[in-house]
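Structural description and commentary
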Amino acid sequence: MRAFPILEARQIVKELGQGEGKVQALKGVDLALYEGEFTLLMGPSGSGKTTLLSILGCLLTPTSGTLTLGGESVVHRSAEDLADLRRRHLGFIFQSYNLFPTLSALDNVRLGLDVRGFSSRECKERAAEALIEVGLGHRLKAYPGTLSGGEKQRVAIARAIAPEPPVILADEPTAALDTENGHAIMELLSCVARKNGRAVLAVTHDPRTIPFADRVIEIEDGIISGERKKHAATVIPARPRQPQAAHGTPAPYQERKRQAHA
Ligand SMILES: Nc1ncnc2c1ncn2[C@@H]1O[C@H](COP(=O)(O)OP(=O)(O)OP(=O)(O)O)[C@@H](O)[C@H]1O
């Protein structure tokens, strides 16, 4: 399962602000996401979580360092190229759901497929399938205003998974939910990662979510300070990455997909 990362960031540095207010929000971050894994990114306020998530989501350009997504390099790309990479490789889930209040659950999910060029029939079918997958098959026609917080987040998850991106990035997906709904959403994200080999990364402050994750990556003051794996009792300190031997270089994602389907 861990043959090669779907997303890999190496030595990411990000400076924010200007002049005396300039801050090095990220100070050389290495992070890899693997298919089928649900990873949490945790750290204190101001540690760089949002900045890192924005860079991994191709919404912010690093000051230095490299990022590859599905085997494609993400650095030095035009805004148009980045938008295309996001559409093909990434799904986003937000704390505040970001649903259109005047559209039904089905149409909220359809909209994300429309912009990716799926046919009208395919949009409808895929949207319904995604909503069924998140347990909302009975609420296809419901409007966001009639849904609970947990149901709204399920619609947002359906919208993220419907185009079948290999990577899902979630920003505090349970922050607006009570404990029960928060746990249900974390359980769902864990299933989403396992199904079809997606890589799911969620930023969270909530330690109660840890049991649902395969990996917990800890960030402090712009540096990855540790990684905890499922069932591991102790934090494994982050170590500098060793240069990769040529024979060990992983096949790019698209190439691997082609081989898998050959
Ligand atoms: N536009 C900006 N200009 C200058 N500094 C910034 C800017 N945005 C963020 N920072 C600083 O960069 C650092 C990392 O911020 P970031 O928002 O990534 O942290 P965070 O871990 O997501 O925090 P929180 O959990 O509070 O959302 C902080 O010190 C923050 O003050």
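Residues numbered from 1 in each chain as written. Predicted model: local features only at pLDDT ≥ 70, side-chain atom pairs only at ≥ 80, totals over all residues. Heavy atoms only, no water.

**Side note on the side chain of lysine 14**
Positionally, lysine 14 belongs in strand S1 (residues 7-16). Within the structure, lysine 14 has its side chain in polar contact with the backbone oxygen of threonine 61 (distance 2.6 Å). Non-local contacts of lysine 14, meaning those with residues more than four positions away in its chain, are made with Val23, Gln24, Ala25, Leu26, Thr51, Ile55, Leu60, Thr61, Pro62 and Thr63. (Helix = DSSP H or I, 4+ residues; strand = E, 2+ residues; numbered from the N terminus. Polar contact = N/O pair within 3.5 Å; in protein donor to acceptor, adjacent residues only side chain to side chain. Contact = heavy atoms within 4.5 Å.)

**Describing the site of the ligand**
Inspection of the region around the ligand gives 13 residues, with Ser45, Gly46, Lys49, Thr50 and Thr51 positioned closest. A distance of 3.0 Å is found between an oxygen atom of the ligand and a backbone nitrogen or oxygen belonging to glycine 48. Protein burial of the ligand: of its 640 Å² of free accessible surface, 59% is covered by the chains. For the shell around the ligand, the elements supplying multiple residues, two or more each, are strand S2 (23-33) and helix H1 (49-56). Within the shell around the ligand, the residues separate by chemical class into 4 nonpolar, 8 polar and 1 charged. (Near = heavy atom within 4 Å. Areas by Shrake-Rupley, 256 points an atom, 1.4 Å probe, with all protein chains shown as cover. Nonpolar A, V, L, I, M, F, W, Y, C, P; charged D, E, K, R; others polar.)

**A closer look at the pairing of S1**
Direction of pairing for S1 relative to S2: antiparallel, over a ladder of 8 bridges. Within S2, the residue paired with glutamate 15 across the bridge is glutamine 24. If you look at the hairpin formed by S1 and S2, you'll find 6 residues sitting between the two strands, and glycine 17 has a positive phi there, around 80°. When S1 meets strand S4 (residues 64-69), the two strands line up antiparallel, connected through 5 bridges. Within S4, the position partnered with leucine 7 by the bridge is leucine 69. (Pairing = 2+ DSSP bridges.)

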